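Descriptive analysis of the structure
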Amino acid sequence: MKARFSWAESICDALMKNAEETMYEMTSLVTKPSVVVFNAGGSSPVPTYFEFTYPREKSVKGLRSEDGEGYDVQHLTSTEDVFMDTTIGMTVAKMGMRLLPGRKLMDFYINGVEYFDGEEPGVLELRFIADRYPIGDFDIESLKDEANEIIGSKKYKKIHLVAARPTQSVYAAVIPLKPWSFSKFTPVEEEATKSQKNTLEVDEKHIENKFYRISFNKDGSLSLTNKSSGTVYPKLHVFEDYGDRGDEYTFSRVEPERAQVKNVKRTLRSSGPILAEIRQTLTLEIFESLDKSRDKRTGKVEIPVSSVFRFYRDSPGIEVTTRLTNRAKDHRLRVCFNLPFTSGTTLTSTHFGYLERKASPEELPDEEEQEKRNADFPEQPSGIQPQKEFIRVENEEENDAITIMNRGLPEVELGNGNHLALTLLRCIGWLSRSDIPERPMHAGPGEETPGAQEMNEEYEFHYGFLIHSKKEPLSYSADHADTFQDAPNVTSLDRSEPPHSLFEPIVELDDPAIRISSMRMQNHSILLTLYNLENKTVDTVLRLNGSIETAVEVKLDGTVINDLPLAEFKVKLSFDAREIKMCRLDPQ
């Protein structure tokens, strides 16, 4: 799987690079800088976090959209984009100057050059100032003449060559983006918003915005008050660790639970107008492993844990990045959210939609039914559930609900109707065992898998949560999960700009319940896959780009089902509950 993921990432990187090169080729010179953001996801505008760079010598206090709306930004750090740093001998330098065809170096254009004596005797410091596009005139032949003169002087034995973009400041923005399209923003040096009623108040122990009020407990957990309902969640983000005598197929719990928290410390990493980050470190003392009988836990180890909590002014979402190194065997580590209400069901995202599941394990059939099924040793049902992007739990009696989002953490459970747990680690040493009470038979080869203990592996987990009203449609949870999972692609342009047609969406959706799964080119046509998130019929309208001439509904194999009449570049579609549709859009 590692090889396959590597191949997929390589293909994706190449496609992204080609797309960026195509965009740069389409640009024209302008006097004003711009920030171009591509958002591949979502069906309704949810405030989305992204970062962009800007020359350090310039001041920027906000971004302005094409419709004139202003948004605050927050300075994060400064960075120098060095894409070449090497020391070469004079023979190689002379050869390199001969082979340099023009001002383009790798994927960048040389816009300036500096050189001076290095600290080490006999070394020339040569610095190219470069960028993705050419700025002004640059005489490459004069550079070659000067370089050859320096080389011929024999004053230097080596050249320390550095090629970099100008030093950049990194800013953060949280802005609603058009789904599945490009958005253009212009950096502004004045305040982007004339007045801001909403504020984000934060210190090392307390956070407050218009959505919630939070305080950290002594054990590192969070106490949250939902401002809209007044409901208090006293114990969010609690670590839990049970022993695990199971295998790679089945969890088999060994008590007692132990995740003793010590040495809790917090620091305020950033506190600005639009976001704040608190870094919390703590030590988890847990059992070291199972004993030889595999029925008891023994020993103890300490696991240092570092979590960064990110809070937003304009979004109810709270994002967490947790890092730790596993030092124990035979255990399952989870992060838990204890709810002030109970629910018998969950809503979990899956491929092309969601499923409503019972929170409690399925009941076993009686002996007569087992005999009919010839099932002498049925596997014990479990409350553990799979998920894709999120799990949502709603208060059955009141108006509150919680959505837990994740990146690559597929296992969740709602225990006792109010104990919502997200699995971080399962560390076990067997592919299959036949002595598990939950499944007293093999599910595969009885082979040891010591690597599955994940010993001394450093992990980084990404997840988040938001408290909201259960009246919010399921698309509300899906949109927040989309923005959390898929980071936008951001390009900062100093003196160039793509054509306006780039910012015209190919398709726009009226109903957030209709989601875009994929959009791709095939034989000069656009294949658009959509699905209905809801478990009910949804009628919607697709607004298409003016370049689309015809639209048809097709099967997955390309067979045409029916033509889709275009009226003022709009197409009407009707989706059955959870239906998937594919449309072929043919440009002019």
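Before going into details, it helps to say that this report is about the structure given with it. (Residues numbered from 1 in each chain as written. Predicted model: local features only at pLDDT ≥ 70, side-chain atom pairs only at ≥ 80, totals over all residues. Heavy atoms only, no water.)

Thoughts on the layout of surface pockets
For clarity, the threshold we go by: Only protein atoms enter the 1 Å grid used here. Points where a 1.4 Å probe fits but cannot escape make up a cavity, open sets with protein on both sides within 12 Å along at least five of seven lines make up a pocket, and a residue lines them when an atom lies within 4 Å of a point. Grid points are joined across faces, edges and corners, and a volume is the space filled by probe spheres set on the points. Secondary structure elements follow DSSP: runs of H or I no shorter than four residues count as helices, runs of E no shorter than two count as strands, and numbering proceeds from the N terminus. Under the scheme applied, nonpolar residues are Ala, Val, Leu, Ile, Met, Phe, Trp, Tyr, Cys and Pro; charged residues are Asp, Glu, Lys and Arg; polar residues are all the others, including Gly.
The volume enclosed by the largest pocket comes to roughly 1100 Å³. Within the residue set of the lining of the largest pocket, elements represented by two or more residues are helix 1 (2-26), strand 12 (181-188), strand 34 (489-493) and strand 37 (514-522). Residues that form the lining of the largest pocket fall into these classes: 19 nonpolar, 7 polar and 5 charged. Its volume calculated, the second largest pocket comes out at about 640 Å³. As for the second largest pocket, its lining consists of 28 residues, of which Phe-251, Ser-382, Gly-383, Ile-384 and Glu-413 are closest to the centre. Secondary structure elements with two or more residues in the lining of the second largest pocket: strand 17 (232-244), strand 25 (331-338), strand 28 (384-386), strand 31 (411-415) and strand 32 (419-427). Tallying contributions element by element places strand 31 first for the lining of the second largest pocket, with 4 residues.

So, the pairing of strand 24 (residues 318-325)
To keep it simple, the criterion reads: A 1.4 Å probe rolled over the protein chains alone gives each residue an accessible area, and that area as a share of the maximum for its type sets the label: buried under 20%, exposed over 50%, partly exposed in between. Here, any two strands with at least 2 DSSP bridges between them count as paired.
For strand 24, the buried fraction is high: 6 of the 8 residues fall into the buried class. With 7 bridges connecting them, strand 23 (residues 301-312) and strand 24 associate as antiparallel partners. The residue bridging Val-305 from the neighbouring strand is Leu-324, located in strand 24. Remark: 5 residues form the turn of the hairpin made by strand 23 and strand 24, two consecutive strands paired antiparallel. Of the pairings in the sheet, the one linking strand 24 to strand 33 (residues 458-469) comprises 8 bridges and is antiparallel in character. Opposite Leu-324, over in strand 33, you have Tyr-459 as the bridge partner.

Some points on the pattern of salt bridges
Opposite charge on two side chains permits pairing when their charged atoms draw close. The following threshold applies: One speaks of a salt bridge when a side-chain nitrogen belonging to Lys or Arg is within 4 Å of a carboxyl oxygen belonging to Asp or Glu.
The full count for this structure, using the stated rule, is 31 salt bridges. Two residues, Asp-295 and Arg-245, come together in a salt bridge whose shortest N-O distance is 3.0 Å. In this pair, Asp-295 is assigned in the loop between strand 21 (289-290) and strand 22 (297-298) and Arg-245 in the loop between strand 17 and strand 18 (253-254), connecting sequence segments 50 residues apart. By relative accessible area, Arg-245 is classed as buried at 17%. A salt bridge links Asp-479 to Arg-515, with the shortest nitrogen-to-oxygen separation between them at 2.8 Å. Residue Asp-479 is located in helix 5 (residues 474-485), and its partner Arg-515 is located in strand 37; the two are separated by 36 residues in the primary sequence. Overall, Arg-515 belongs to the buried group, its relative accessible area being 3%. One salt-bridge network, in which partners are shared between bridges, spans Arg-258, Lys-262, Glu-285, Lys-300 and Glu-302.

Structural notes on empty space enclosed by the protein
For the coordinates displayed, the defined rule picks out 2 cavities of 30 Å³ or more. The wall of the second largest cavity is formed by Phe-211, Tyr-212, Leu-224, Asn-226, Pro-316, Leu-466 and Ile-467. Secondary structure elements with two or more residues in the lining of the second largest cavity: strand 16 (222-226) and strand 33. For the lining of the second largest cavity, the class distribution of residues is 6 nonpolar, 1 polar and no charged.

Brief notes about the sheet that holds strand 7 (residues 104-105)
This is how it is decided: Contacts are assigned to residue pairs with any non-hydrogen atoms lying within 4.5 Å of each other. Interaxial angle, 0 to 180 degrees, is taken between N-to-C directions of lines fitted to C-alpha atoms, where a helix line uses only the stretch in contact.
Across the sheet, which stays open at both edges, the 5 strands sit in the order 6-10-9-8-7 with mixed pairing between neighbours. Every interior strand has two partners, whereas the edge strands, strand 6 (82-89) and strand 7, have only one. Relative to the sheet, helix 2 (residues 90-99) contacts strand 6 and strand 10 (158-164), its axis offset from that of strand 6 by approximately 125 degrees.

Remarks on the sheet that holds strand 2 (residues 34-39)
Across the sheet, 7 strands lie side by side as 3-11-5-4-12-2-34; this open sheet has antiparallel pairing. Sheet topology places strand 3 (47-55) and strand 34 at the edges, where each strand pairs with a single neighbour. For this sheet, the mean inter-axis angle between neighbouring strands, taken without regard to orientation, is 30 degrees. Pairing of strand 3 with strand 11 (residues 168-176) involves 9 bridges; the strand directions are antiparallel. Bridging across to strand 11, Tyr-49 finds its partner in Val-174. Sheet strands in contact with helix 1 are strand 2, strand 12 and strand 34, and its direction is about 30 degrees off that of strand 34.

Some remarks on the packing of aromatic side chains
Under the convention used in this document: To pair, rings of Phe, Tyr and Trp, with the six-membered ring standing in for Trp, must have centres within 6.5 Å; the planes then decide the type, stacked if under 30 degrees apart, edge-to-face if over 60, and tilted in the middle. Here, a charge over a ring is recorded when the distance from Lys NZ or Arg CZ to the ring centre is within 6 Å and its angle to the ring normal is within 35 degrees.
According to the stated counting rule, one finds 11 aromatic pairs in the structure shown. Both rings, one in Phe-38 and one in Phe-182, keep their centres 4.8 Å apart while their planes meet at 45 degrees; by these two values the pair is tilted. Of this pair, Phe-38 sits in strand 2 while Phe-182 sits in strand 12; the two residues are 144 residues apart in sequence, bridging distant segments of the chain. Classification of Phe-38 as partly exposed rests on a relative accessible area of 25%. Through a chain of ring-to-ring contacts, the aromatic side chains of Phe-50, Tyr-71 and Phe-185 assemble into a single cluster. It is Arg-258 that lies over the ring of Phe-287; its NZ or CZ is 5.3 Å from the centre. Over the face of the ring belonging to Phe-251 we find Arg-332, whose NZ or CZ atom lies 3.6 Å from the ring centre.

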